[in-house]
Amino acid sequence: MVDFGLLGDKKSVKSAKVSFRIPYFTQWGQSLLVCGSKPVLGSWNVKKGVLLSPSHQGDELIWGGTLSVPAGFDSEYSYYVVNDKRTVLRWEAGKKRKLVLPDEVQDGEVVEFHDLWQAGSDAIPFRSAFKDVIFGKCLSLNTEITPSIIQNKLDGKDGIVVQFKICCPNIEEETAVYVIGSSLKLGRWKVQDSLKLNYAGESLWQADCIMPKDDFPIKYPLGPLWTCTITCNLKAGDISLETGPNRELFVDFSTNQAKYIVLSDGMMREMPWRGAGVAIPMFSIRSEADLGAGEFLDLKLLVDWAVDSGFHLVQLLPINDTSVNMMWWDSYPYSSLSVCALHPLYLRVQALSENIPKDIEQEIEVAREQLDGKHVDYEATLSTKLSIAKKIFDLEKDLILASSSFSKFFIENEDWLRPYAAFCFLRDFFGTADHSQWGRFSHFSTDKLEKLTSKDSFHYDIICFHYYIQFHLHIQLFEASEYARKKEVVLKGDLPIGVDRNSVDTWVYPSLFHMNTSTGAPPDYFDKNGQNWGFPTYNWEEMSKDNYAWWRARLTQMGKYFTAYRIDHILGFFRIWELPDHAMTGLVGKFSPSIPLSKEELEKEGIWDFDRLSRPYILQENLKEIFGPSWTVVAANFMNEYQKNLYEVFKEDCNTEKKIASTLKSCMEKSLFLENEVELRSKLFDLMQNIVLIRDPEDPLKFYPRFNIEDTSSFKDLDEHSKNVLKRLYYDYYFHRQENLWRENALKTLPALLNSSDMLACGEDLGFIPSCVHPVMQELGLIGLRIQRMPSDAGLEFGIPSQYGYMTVCAPSCHDCSTLRAWWEEDEERRCHFFKTMMGSDKLPPSQCVPEIVNFILRQHVESPSMWAIFPLQDLLALKEEYTTRPAVEETINDPTNPRHYWRFRVHVTLESLLKDKELTKAIKYLVRGSGRSYPLSEEVESQVTQQVHLVSEKQQIVAGQDKLPLANKLNAVPETKTIPVV
């Protein structure tokens, strides 16, 4: 907030003028305006905001405007980019600016605000990952009282009151920020005479001074002056000037009448902060205490290992309850039963009570030995934990449910907890989570919920058991998350793009979902046939009516435990690959929203035969070639000959993929075919997908090009004119005509997520990427993902980590692809290419990914410019040969081509053992520290640093003039282990 309280001799005034000035390059047809909380600034109605005018100053385009305001005026405000109709095209990120008119302004005097545009990346230091964890100590500084540098107003002096403001989020205790510059008031480039800024809270440093007109223009950089206060009266340090060119304050006194200038200089220009982390699914962790799968309390051990290894971050897969089918299918962590409930799989039953009876303790010990297998036994682990937890619940339910801590938890989570408990009860009662099969309970209502969760109901104990489980999961995860914060480790969660169609959320909020559709992804690196995830698509229009309250509640709940999160398939917030609910594969879909091809548009291009293009193109010769002698049986059971030698799928019995699968199953039971059912089904699906256009089911005059149409025989048999037209329209549909629509859609939905919590947001932007995605992510301050073997740049076989942008997370692999070791072994051709092009060797590469190769690849990533380098734990363990005895293929977490993949990978070594392996942690920490990335200080390192500070010689002090300014530079917040100060 602008504070001119340091000026004395207050005097009431009638009005003053406020002038805004901001440099910003716009495109043709765009303008800047300022809008704020007060009526004179539009009351946050952009249509009524103050439109600014452009002018050129050197190479900059400056937007400015002036308005009259009453005495004592104050307001919040922000800048917006608009078009000619004042439609918002872009807005500032971060917090609203604050304006307070100084009391000393005389009638008619001008107060000028020099601002810089707040980009999305500027808000990142104020996300909880940084402000509460990594920079937590920096932001705990005490707010200083601004000293009375100026005792009175100008009193007719020929000068201007200038207030310097700079944001420095990465500043620790015993640190000062100074402005040094060409003006006498700024020391004429002498450090000892520079202007000291004072901490004003929220990472803002500021100071005021009177600048004589003769001093303009003023050139200055800003620099933090670091001090080390030592008990033996030694002071050591060095100066750190910000990077980039000198800042300049220019005032044209022939036209500018400003008496006060508030100079908001944005962010301190430091070396970009960079950190590293480890990624592992919660279920994959192994400890000496867990039962069959990783547990929330194991995260404390993982955090300790992360600190020892130099990591600031631990990344998990989704941890929400997925117990839809109550079988191993539920191991898929992205198919949520509830977007708020935590998964009972991660419960530590030993921590439920301090008074567990001996017989239950023995049962736990037996279970631990039985479940301590190579892989996760999902069904056995979950049922065992719930069984043991139920026995403890029966013993202590009255005590727990009457406790104040449970009462507080229940009140804070009641909105989702009661529907969740009722859903679980009905799921078990009816034997299915398909709520359409629940009779009168199929449709949710608050009255039904009240009866289901009433204390008078016969099943109230069952309801309370679900409360009890969630209460303890909350306690255990919250304990682990607080531990991570104290250790300066960011806990990063995962936000799935969808929910299971048989979930609490689709039961309670059916209007928010299109239940007759399914989500997926078009063909990409992961699956050449596309993916069908089975989730219903979102009704964004309905969600927008309450400003995306469902999303906001979801992110608020997540923010209780995590300080960062990964947005799964962020492309879904631009557009989603939509499939009919009767589809089983992901190939024949369309993007939603999207602008289709109209019948009129196609007819103008000479395309007329819409039935030929939108129906499966099946020739008799195709059937003979594909099915051989069995073709007649296939044709008789699945197809109808509607023209000579031309077939179609039956309209009723076999006109969808699900119907084909069902009919084929019946045929197999009758032994009509000798071939494998899966192979036959795949061939039949290929025939059904042999189309060029997909007709809109709701509007038969609209069409969508089938993905990869040139691969179909239906397209290949067309005349050349039709081919050329359809190819052009195909590329227009997928690569051009949707860009503005998708950009506008993302700018409606994504800000709702980002503004719902303080968590640091990262977007998984892999796959088929529209050109609008990366600019929008950059605009919103979203961090992207870069996987080396899945480059985002067209024409590259492998990504080049040294060329990645700062606003990225780089990783050698992820849960949706094979690990480094597995990839190296499974793809000989690409292995050889990588060895030659990325490692610079013409020799034959080793057949296995030996530690030396792993080290090379990890070093490539840790030395990249990316903000984060995050490594799967499996890839880190590959640095040591003794951890590579397991077949590499077993370390893969997910196979995206298999919709029924069993997610069950477990690390084969316990966290306790890893903590004892100092050789591995030292090797990893050496990589991190050698790259200049920040790392958390362990207690041992902090002790070493303290001892070294006491050994600093007086010769390292810098004395200039009367004031002795102890200066130290802490580049990247990484303390040097040899001497202090650090370069």
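Placed above this text is the structure.
Computed from a prediction, not measured in an experiment: that's the story for all the values here.

## What about the overall build of the chain?
Looking only at helices and strands, the chain features 27 helices and 39 strands. Taking all 983 residues of the chain together, 57% fall into the buried category. Sequence-distant contacts, at least 24 apart, represent 74% of the contacts inside the chain between residues at least 6 apart. When the accessible area of the chain is evaluated, it comes to approximately 42700 Å², of which 50% is carbon and sulfur surface.

## Some remarks on the packing of helix H19 (residues 739–754) against helix H20 (residues 773–780)
Contact geometry of H19 with H20 gives a least axis separation of 11 Å together with a crossing angle of 35 degrees. Seen along the crossing, H19 lies across H20 with a hand that is right-handed. Facing Arg743, Ala746, Leu747, Leu750, Pro751 and Leu754 of H19, the residues of H20 in contact are Val776, Glu779 and Leu780. When the residues that make up the contact of H19 with H20 are grouped by side-chain class, the tally is 7 nonpolar, no polar and 2 charged.

## Structural notes on the pairing of strand E22 (residues 490–495)
Along any regular strand, the residues point their side chains to alternate faces of the sheet. Of all the 6 residues making up E22, 6 are buried; the element is thus mostly covered by neighbouring parts of the structure. The alternating pattern of E22 places Val490, Lys492 and Asp494 and Leu491, Gly493 and Leu495 on opposite faces, both of which are buried. Summarising the sheet, E22 and strand E27 (residues 564–567) pair through 4 bridges and their orientation is parallel. Opposite Lys492, over in E27, you have Ala564 as the bridge partner.

## Considerations on the packing of helix H13 (residues 620–627) against helix H14 (residues 631–638)
Close contact between H13 and H14 brings their axes to 8 Å; oriented N to C, the two are set at 120 degrees. Put simply, H13 runs oblique to H14. Of the residues in H14, those in contact with Gln620, Leu623, Lys624 and Phe627 of H13 are Trp631, Val634 and Ala635. For the contact of H13 with H14, a count of residues per class yields 5 nonpolar, 1 polar and 1 charged.

## Observations regarding the packing of aromatic side chains
Two measures describe an aromatic ring pair: the distance that separates the ring centres and the angle between the ring planes. This structure, assessed with the given rule, holds 65 aromatic pairs. Between Phe798 and Phe834, the aromatic rings sit 5.2 Å apart at their centres with planes inclined by 85 degrees, giving edge-to-face as the arrangement. Highlighted residues: Phe798 in the loop between strand E37 (784–787) and strand E38 (808–811) and Phe834 in helix H22 (residues 828–837), separated in sequence by 36 residues. No difference in accessibility class separates Phe798 from Phe834, as the two residues are buried. The structure contains a cluster of three or more aromatic residues connected by ring pairs, namely Trp577, Phe591, Tyr704, Phe707, Tyr730, Tyr731, Tyr733, Tyr734, Phe735, Trp742 and Phe768. Sitting over the face of the ring of Phe73, Lys38 holds its NZ or CZ atom 5.7 Å from the ring centroid. Here Lys300 stacks its cationic end above the ring of Tyr483, 5.4 Å away from the centre of that ring.

## Some thoughts on the nonpolar core
Leu299, Trp305, Phe311, Trp551, Tyr565 and Leu726 are the most contacted members of the largest nonpolar core, which has 183 residues in total. If you tally residues by element for this core, the top one is helix H5 (residues 404–430), at 12 residues. If we ignore the near neighbours within four places in the chain, the residues touching Trp551 are Leu495, Ile497, Tyr538, Trp540, Met543, Phe573 and Leu753. Core analysis: the second largest hydrophobic core is formed by 28 residues, Ala16, Leu41, Leu52 and Leu99 among them.

## So, the sheet that holds strand E25 (residues 531–532)
Strand pairing in a sheet takes place through backbone hydrogen bonds and is either antiparallel or parallel in direction. In spatial order, the strands read E25-E24-E28-E29; together these 4 strands make up an open sheet with antiparallel pairing. At either end of the open sheet lies a strand with only one pairing partner, and these are E25 and strand E29 (590–592). In the sheet, strand E28 (residues 576–580) pairs with E29 via 3 bridges, with the strands oriented antiparallel. Its bridge partner being in E29, Trp577 is matched across the sheet by Phe591.

Thresholds, definitions, all that
- Residues numbered from 1 in each chain as written.
- Predicted model: local features only at pLDDT ≥ 70, side-chain atom pairs only at ≥ 80, totals over all residues.
- Heavy atoms only, no water.
- Helix = DSSP H or I, 4+ residues; strand = E, 2+ residues; numbered from the N terminus.
- Buried < 20%, exposed > 50% of the residue type's maximum accessible area, 1.4 Å probe, protein only.
- Contact = heavy atoms within 4.5 Å.
- Areas by Shrake-Rupley, 256 points an atom, 1.4 Å probe, with all protein chains shown as cover.
- Axes fitted to C-alpha atoms, helices over the stretch in contact; angles between N-to-C directions.
- Left-handed = near helix turned anticlockwise from the far one by under 90°.
- Nonpolar A, V, L, I, M, F, W, Y, C, P; charged D, E, K, R; others polar.
- Pairing = 2+ DSSP bridges.
- Parallel < 35°, antiparallel > 145°, perpendicular 65-115°, else oblique.
- Phe/Tyr/Trp six-rings, centres within 6.5 Å; stacked < 30°, edge-to-face > 60°.
- Lys NZ or Arg CZ within 6 Å of the ring centre and 35° of its normal.
- Core = buried A, V, L, I, M, F, W, Y, C linked by side-chain atoms within 4.5 Å.

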